[in-house]
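Spelled out, the chains give:
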Amino acid sequence: MKYLLLLNRKFPYETGEAFLENEIGEIAIGFDRVVVFPSNICIGAEQTRQIGAENVEVYVWETKSLAARKAEYALRGLCYLGRKTGGKNLREKLEDGYFLTAAELQARAVCRYLDSLSMIPGDAVYVYSYWLYVNAKAAVLIKQYLERRGIAAAAFSRGHGFDVYEERKGYLPQRREILDGLDRVYLCSENGADYLRKKYSEYADKIKVSRLGTSDHGIGNACAENRFHLLSCSRAVPLKRIGLIIDALKILQDRGIQLSWTHLGGGELLQELKRKAERELSETEVCFAGTVSNAEVYRFYASNPVSLFINVSKWEGLPVSIMEAISFGIPVVATDVGGTREIVEDGISGRLLASEPSAEEVADGILEIYNMNSEDYRTLRETTRKLWEERYQASANYGSFLKEVLGLV
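Residue indices begin from 1 for each chain and proceed along its sequence in written order. Only residues with pLDDT of at least 70 are given local features in this predicted model, and only at 80 or more are side-chain atom pairs given and counted; all residues enter the totals for whole chains, interfaces and linings. Hydrogen atoms and water are omitted, and side-chain values are computed over all heavy atoms in the structure.

**Here we look at the overall build of the protein**
A count of helical and extended segments in the protein gives 14 helices and 13 strands. Based on C-alpha atoms, the radius of gyration is set beside the globule rule, defined as 2.2 Å times the residue count to the power 0.38. Rg of the C-alpha trace for the protein: 22 Å, near the compact-globule value of 22 Å for 409 residues, within the 12% margin. Exposure classes here rest on a 1.4 Å probe applied to the protein chains alone. A residue is buried below 20% of its type maximum, exposed above 50%, and partly exposed in between. Counting every position in the protein, which comprises 409 residues, the buried fraction comes to 56%. The contact definition used throughout considers only heavy atoms, calling two residues in contact when any of these lie within 4.5 Å. Long-range pairs, those at least 24 residues apart, make up 74% of the contacts in the protein between residues at least 6 apart in sequence. Per-residue and other accessible areas were derived by the Shrake-Rupley procedure at a 1.4 Å probe size, with only the shown protein chains allowed to occlude residues. Carbon and sulfur atoms form 48% of the exposed surface of the protein, whose accessible area is close to 17500 Å². Residues scored as positive are Lys and Arg, those scored as negative are Asp and Glu, and His as well as the terminal groups of each chain are ignored. Where a charge lies is defined by one atom per residue type: Lys uses NZ, Arg uses CZ, Asp uses CG and Glu uses CD. Mean positive and mean negative side-chain charge positions of the protein (52 and 56 charges, respectively) differ by 6 Å. Counting from the N terminus, the helices are DSSP H or I runs at least four residues long and the strands are E runs at least two residues long.

Structure representation (structure tokens):
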């Protein structure tokens, strides 16, 4: 039998890891049995997203709250202080201990479950970590456990943003150990792959690009010529710099530009951003929709004409929000961070801004699309959709990913 073990944080519970909603059905067809292990979820949690594939099951093992687990990881991690773990100073060594404890406990839980599956030599097990972080270290340990039992196994991981670019967190534990233990690492962008290859050149042959993708829900309707609807979709957190959008819209409002703006997504800064918008955008139609599911995002696009999507994030891997937007033929204005330039091309799918733009520059980027004549704008929507069709269709990308993965064992 062919088994796929998918290690992630929350899917199919709560929100986040939205790409897995598109991916799981496409790759499950290559395996006899698929088990999803959401490491951050406790027993008793309510599943929020359905998985259509009949050969997929979900296993949750945690009984402690996330806060209690973090305390346990920190306490148990102290035993690593005297060992060689990779950390160069006390802070890094403490992070190593926490990281290794979390990975080991996760791997033990998964292996206990595997003992109940009656695997035999001749079976093939594919251990898939969705993040190049704790889950990836656990995947390496699980592979080692299976091989000790005489079962053929491969361990591989995707890499996205925070789990690739070390500058975002300051320190990522066990980089070389993880890369050494994995059979393959799949980055969602060329930018991320180039970054890892340069930093860890000895593992360059293991590092591949495998783009993510979204499902085809058709082409969205354009707004009427007398209405310009701007949309953003992200968590309301400092990283996303939503306040910068408000600053840019204030500039446009002061110039007499009439448009409407909708933001999809909740988060710690939501109320603060609402108050800021109320103060500064009194003449602009603004809607904060709050937290929405991935399915609700697609329904929004299907029922609401959108003129332009905007993302001014400080860091990105390859944003699902932009991929969703261009699938509907909606052009994008976005900052040049991470792999964003691979999906937002000037004149093809929108306007690429500097990585640290001023509010004036953001306003000018929006205005460039706003001022387009109807024929040029229609052409831009067509080339935007075509770029998605060529690079980010879920069925094509995940089909290629599955074929590549099955060759690992």
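**Regarding helix H9 (residues 270–280)**
Along H9, the positions that sit buried rather than exposed are Leu-270, Leu-273, Lys-276 and Ala-277. The buried residues of H9 occupy an angular sector of 125° when projected down its axis, which confines them to one face. Facing away from the buried side of H9 by over 90 degrees, the exposed positions are Glu-278 and Arg-279. Elements in contact with the buried residues of H9: helix H8 (242–254) and strand S10 (285–290). Note: the arc covers the axis-to-C-beta directions of the helix.

**As for the sheet that holds strand S6 (residues 184–187)**
By definition, two strands form a pair when at least two bridges between them are found by DSSP. Read across the sheet, seven strands follow the order S3-S2-S1-S4-S5-S6-S7 without closing on themselves; strand pairing throughout is parallel. Sheet topology places strand S3 (56–58) and strand S7 (207–209) at the edges, where each strand pairs with a single neighbour. In this sheet, adjacent strand axes meet at a mean angle of 25° when their direction is disregarded. As paired elements, S6 and S7 share three bridges and run parallel to each other. If you follow Tyr-186 over to S7, its bridge partner there is Lys-208. Taken strand by strand, helix H4 (residues 134–148) contacts strand S1 (2–8), strand S4 (124–129) and strand S5 (152–159), and its axis lies near 175° from that of S5. Axis definition: a line fitted to C-alpha atoms, over the contacting stretch in the case of helices. Angles run 0 to 180 degrees between N-to-C directions. Packing of helix H7 (residues 190–199) onto the sheet brings it into contact with S6 and S7, and relative to S7 it is tilted by some 170°.

**Quick look at the pattern of salt bridges**
The term salt bridge refers to a pairing of a side-chain nitrogen on Lys or Arg with a carboxyl oxygen on Asp or Glu at a separation within 4 Å. This structure, assessed with the given rule, holds 27 salt bridges. Of the charged contacts in the structure, one is a salt bridge between Arg-91 and Glu-95, with a shortest N-O distance of 2.4 Å. Note that Arg-91 and Glu-95 are positioned in helix H3 (residues 90–114) at a spacing of four residues, about one turn of the helix. Overall, Arg-91 belongs to the partly exposed group, its relative accessible area being 42%.

**Here we look at the pairing of strand S2 (residues 33–38)**
Most of S2 sits out of view: five of its six residues are buried. Pairing geometry for S1 and S2, over six bridges, is parallel. In the sheet register, Leu-5 faces S2, and the bridge partner there is Val-35. Pairing of S2 with S3 involves three bridges; the strand directions are parallel. The residue of S3 that forms the bridge with Val-34 is Val-56.

**Considering a nonpolar patch on the surface**
Like charges within 9 Å and nonpolar side chains (Val, Leu, Ile, Met, Phe, Trp, Tyr) within 5 Å are joined into patches, using only residues over 30% in relative accessible area that form no salt bridge. A contiguous nonpolar patch, built from Leu-75, Leu-78, Leu-81, Leu-90 and Leu-94 and spanning about 460 Å² of accessible area, is present on the exposed surface. Considering the arrangement of structural elements, one finds Leu-90 in helix H3. Classification of Leu-90 as exposed rests on a relative accessible area of 57%.

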